[in-house]
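# Structural characterization, general
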Amino acid sequence: MTSRHLLCGLLALTLFSTVAAGKAGRHNDAAPVPVQHSMTDDDVRVEGEKRFQANCGRCHQSPHKFPPRMMLTIERHMRVRALTTDEDMRLIVRYLNQ
Amino acid sequence: MPIVMPVVLVPLGERWLVEARGEFKGEFEKPAGSGSFHGPVEKELDYAELDFIANSRVTVTVGRFLTPFGIYNERLYPVWIRSLQPVPTIFPIGTGSGNGVMLRGGVPASSKANVNYAVYFSTNSTINKLESDRLAGGRVGVFFPRQRIEIGASFQQLLQEGRYRSAGFHFAWQPVAAPLNLRSEFAWSGEQGRGYWIEGAYRLSQISKWQKVMRHTEAVARMQQFFAGGITAGTAADYGLPTVNAEELDLGGNYYFRDGFKATASYGREFSSFGNFNRWTIGTAYRFAFPLGRL
């Protein structure tokens, strides 16, 4: 294989991801909602799970339960390591501590 | 070949974190005529850093850190996370550890995209177990949470010896509709060569038969190519890179007993002008966490 094949492969991958992004973007059920302090436990569970799957699920399996103190340490570690946004992390921690 | 990777996390106050990870890798063999296994144990300090979360957009890191180049080094390297135990061929390009300072963070750019970034400077060090090059670089990624797609790019400038540049691109996609994890990286170095890998990991949970087993099982495939640079065989060996162009196909499977505990196996076939080789891997990975105390 040559660099031409490599270039074709990368172009195909980019095209594929763009098309996939367009199709998946039509699913409103996957859209994140802004964090509101008035969110009920059910809202937190649904939104937190969604954000866990989108962020943490890229490397980790289903949520592992840790005591809340450990969870805060792990949250800080993952925020630095995985560059998760502040809002995502707050919802994920609330969800995991439920 | 046992690998132990202890990670220590010490939160200080509301905004500080001390974190460190070591790596102990033993390669034990039973010599002919001997009844027991012997071999060297490789010891590394992957990172030992102090993080200060300045605000929701910036974290300042000082100390020894994992070089943020691509996604494998920082996110996928731990044995309990990676889908295939052999690391990609291009892994040595731009990665490793640096000693210096880094700014990083994740910022929501809009309701549809988050931007993450890291910029760093590392100084030269020849201290045993704390080796690093004098270099500077950065990585930027855009994550689309609805589509679960991340696209990013990395750049690195060596500030010593040959002053070589490295650049890379990464892509990750976890479709909502299927339990699939697709990842890819491309890396180019003015010194070491260039290459790419594409990996797909598919959780068999959509198969209706034997659900109890299938939902814990993952099938993985990775193909990769490497185009050797103009370095000598000795230098390439020091970096852990092939000296000639190479292609490899890996097929494997993981069985997750739970998060952090899995059995893993893979078969790989490498093709190069040096000859074609098989590579078999079988093992288990277990990650556990416990509190050291209260600060």
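Residues numbered from 1 in each chain as written. Chains lettered and ligands numbered in written order. Predicted model: local features only at pLDDT ≥ 70, side-chain atom pairs only at ≥ 80, totals over all residues.

### Re unusual backbone geometry
A positive phi angle is found at Arg148 of chain B, which is not glycine, with a value near 55°. In this structure, Arg148 of chain B sits in the loop between β8 (135-144) and β9 (149-158). (Helix = DSSP H or I, 4+ residues; strand = E, 2+ residues; numbered from the N terminus.)

### A look at the pairing of strand β11 (residues 180-189) of chain B
All names here are of chain B. Of all the ten residues making up β11, eight are buried; the element is thus mostly covered by neighbouring parts of the structure. In terms of strand pairing, strand β10 (residues 165-173) meets β11 through eight bridges, oriented antiparallel. Looking across to β11, one finds that Ser166 is bridged to Ser189. The turn linking β10 back onto β11 is made up of six residues. Here ten bridges tie β11 to strand β12 (residues 193-203), and the two strands are oriented antiparallel to one another. Within β12, the position partnered with Arg183 by the bridge is Glu199. What sits between β11 and β12 in their antiparallel hairpin is a turn of three residues. (Buried ≥ 20, exposed ≤ 12 C-beta atoms within 10 Å, placed from the backbone. Pairing = 2+ DSSP bridges.)

### Focus on the interface of chain A and chain B
Frequently, the measure chosen for interface size is the accessible area removed from exposure when the parts meet. Contact with chain A, which involves 36 residues of that partner, is made by 42 residues of chain B. Contributing elements (two or more residues each) for the side of chain A that touches chain B: α1 (3-24), α3 (68-82) and α4 (86-96) of chain A. (Contact = placed C-beta atoms within 7 Å.)

### Quick look at the confidence of the model for chain A
Taken residue by residue, chain A gives an average pLDDT of 71. The fraction at 70 or more is 61%. Here residues 13-31 of chain A is modelled with pLDDT under 50, and outside its nearest four sequence neighbours on either side it reaches 22 contacts, counting other chains as well. (pLDDT = per-residue confidence, 0-100.)

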